[in-house]
Amino acid sequence: MPLPSCLRLVFNLVGLGMIIVGCALQWNATRKEEDKNLISADIARARNYQIVGFGMAYLTTAAILFLRASEHSLGPTAAFSFYLGAGIMFYLAVVADCEQSPTCSLGTSFEAMDTLRILIEDQYTGDIRDWARQRIGGLVLCHVGSIFALVSAMQGFVYDSLGSCIANFRVATLLASLLSAFIGVIVLWSSDAANLGASTRENVWFICSSTLWIVLLTFIATLTGERELSSSTSVLIGAFGMWYLVLMFQIRDVVNRTPSLDDDDSVIAGTAFCWFALLLCLVVAVLVYRHPGIVPAKRRRSTSMSQSQT
């Protein structure tokens, strides 16, 4: 079922509004911390440049929306925009580092938000706590706004192919990946290796965050039948999937050498579930690419006209 152009525009504008408000909150908190000499001018500039990344992610989705509204042939442009947008969003949510310093200087990732949450509960007081809350609120708005903007670039939802054997297998595999990812992330989050201050925290959060984001992209690609999004998701899985095993053994080595970390089995089990979830997402992404299950309205009209003429 193709999405109406007005609905896609509403999703896009809602995403833009969230990103603008989120960036404003982060910029305001950064400016106040710089005025109080809590962070240096270089850290403030670094934060502001990270905020620009959300604007770049939005522009990639807006470009796709504009091309589809003007009925231009997307072709390589759509593929490049999907690759670029998904890569930027993945970086901002997963890779962007968070310095575990008293002021949590940098970071737009899920790990940075969790670190700020812990510091607000345990350490921050007064104005610093309020500014940290602004940063968390701004980051949440920016990430959710990016998802809204990504959905606005979709062509429509796949309803006409549900009921077929391939579609049923695709949905079942997707549900299995969601369950596996949920179990793996919960197990890793509850382990001592994810505690604040642990040297393994960064690797644990990388596994959890990348798993959640890849599952989300796969879910959107399955609902919409977007081949470009499924192919870009496959690239992310191929780039980071095998890295999970490397990180698992690195975390296990640190756990074995640290007396205060005694949940070696939890790390292995959680990583295994996350890795299995990525393999299932790869299967789903390949099926979406091979059998997207959606036919654009313009193509339907041309096909019906050609059949009537014959």
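Residues numbered from 1 in each chain as written. Predicted model: local features only at pLDDT ≥ 70, side-chain atom pairs only at ≥ 80, totals over all residues. Heavy atoms only, no water.

Peer 1: I tried to follow a nonpolar patch on the surface on my own but got confused; where do I start?
Peer 2: A contiguous nonpolar surface patch, about 630 Å² in accessible area, is contributed by Leu 179, Phe 182, Ile 183, Ile 186, Trp 189, Leu 212 and Phe 273. The element best represented in the nonpolar patch is helix α6 (residues 165-189), accounting for 5 residues. Examined against the element boundaries, Phe 273 turns out to sit in helix α10 (residues 264-290). (Patch = residues over 30% accessible without salt bridge, like charges linked within 9 Å, V, L, I, M, F, W, Y side chains within 5 Å. Areas by Shrake-Rupley, 256 points an atom, 1.4 Å probe, with all protein chains shown as cover. Salt bridge = Lys/Arg side-chain N within 4 Å of Asp/Glu carboxyl O. Helix = DSSP H or I, 4+ residues; strand = E, 2+ residues; numbered from the N terminus.)

Peer 1: Would you mind showing me how to read the packing of aromatic side chains here?
Peer 2: Aromatic ring pairs are reported here in terms of the distance separating the ring centres and the angle at which the planes meet. Under the criterion given, the structure shown has 2 aromatic pairs. Ring centres of Trp 189 and Trp 205 lie 5.3 Å apart, and the angle between their planes is 40 degrees; this geometry places the pair in the tilted category. Highlighted residues: Trp 189 in helix α6 and Trp 205 in helix α7 (residues 201-224), separated in sequence by 16 residues. Note on Trp 189: relative accessible area 35%, which makes it partly exposed. (Phe/Tyr/Trp six-rings, centres within 6.5 Å; stacked < 30°, edge-to-face > 60°. Buried < 20%, exposed > 50% of the residue type's maximum accessible area, 1.4 Å probe, protein only.)

Peer 1: How should the pattern of salt bridges be read in this particular structure?
Peer 2: Pairs may arise between side chains of opposite charge once their charged atoms sit close together. Applying the stated criterion across every chain yields a total of 6 salt bridges. For Arg 45, the salt bridge is made with Asp 42, and the minimal N-O distance between the two is 3.1 Å. Taken together, the residues Arg 45 and Asp 42, both in helix α2 (residues 41-69) and 3 residues apart, mark about one turn of the helix. For Arg 45, a relative accessible area of 47% corresponds to the partly exposed category. Salt-bridge contacts for Arg 201 lead to Asp 114; the nearest nitrogen and oxygen are separated by 2.8 Å. Within this pair, whereas Arg 201 is found in helix α7, its partner Asp 114 is found in helix α4 (residues 110-122), the two being separated by 87 residues in sequence. Pair check on accessibility: Arg 201 and Asp 114 agree, each one buried. A cluster of three or more residues bridged by salt bridges with shared partners is formed by Asp 114, Arg 117, Glu 121 and Arg 201.

Peer 1: Sorry, what's going on with α4 here?
Peer 2: In an α-helix, one turn spans 3.6 residues; hence positions three or four apart end up facing the same way. For α4, with 13 residues, the first-to-last C-alpha span of 19 Å sits near the 18 Å given by 1.5 Å per residue. Listed in full, the buried residues belonging to α4 are Phe 110, Glu 111, Ala 112, Met 113, Asp 114, Thr 115, Leu 116, Ile 118, Leu 119 and Ile 120. (Expected span 1.5 Å × (residues − 1).)

Peer 1: Got a minute to help me understand the side chain of Ser 152 in this structure?
Peer 2: Tracing the chain through its elements places Ser 152 in helix α5 (residues 126-152). Of the polar contacts made by the side chain of Ser 152, one reaches the side chain of Asn 12; its length is 3.1 Å. Residues contacting Ser 152, with those up to four places away along its chain left out, are Arg 8, Phe 11, Asn 12 and Leu 65. (Polar contact = N/O pair within 3.5 Å; in protein donor to acceptor, adjacent residues only side chain to side chain. Contact = heavy atoms within 4.5 Å.)

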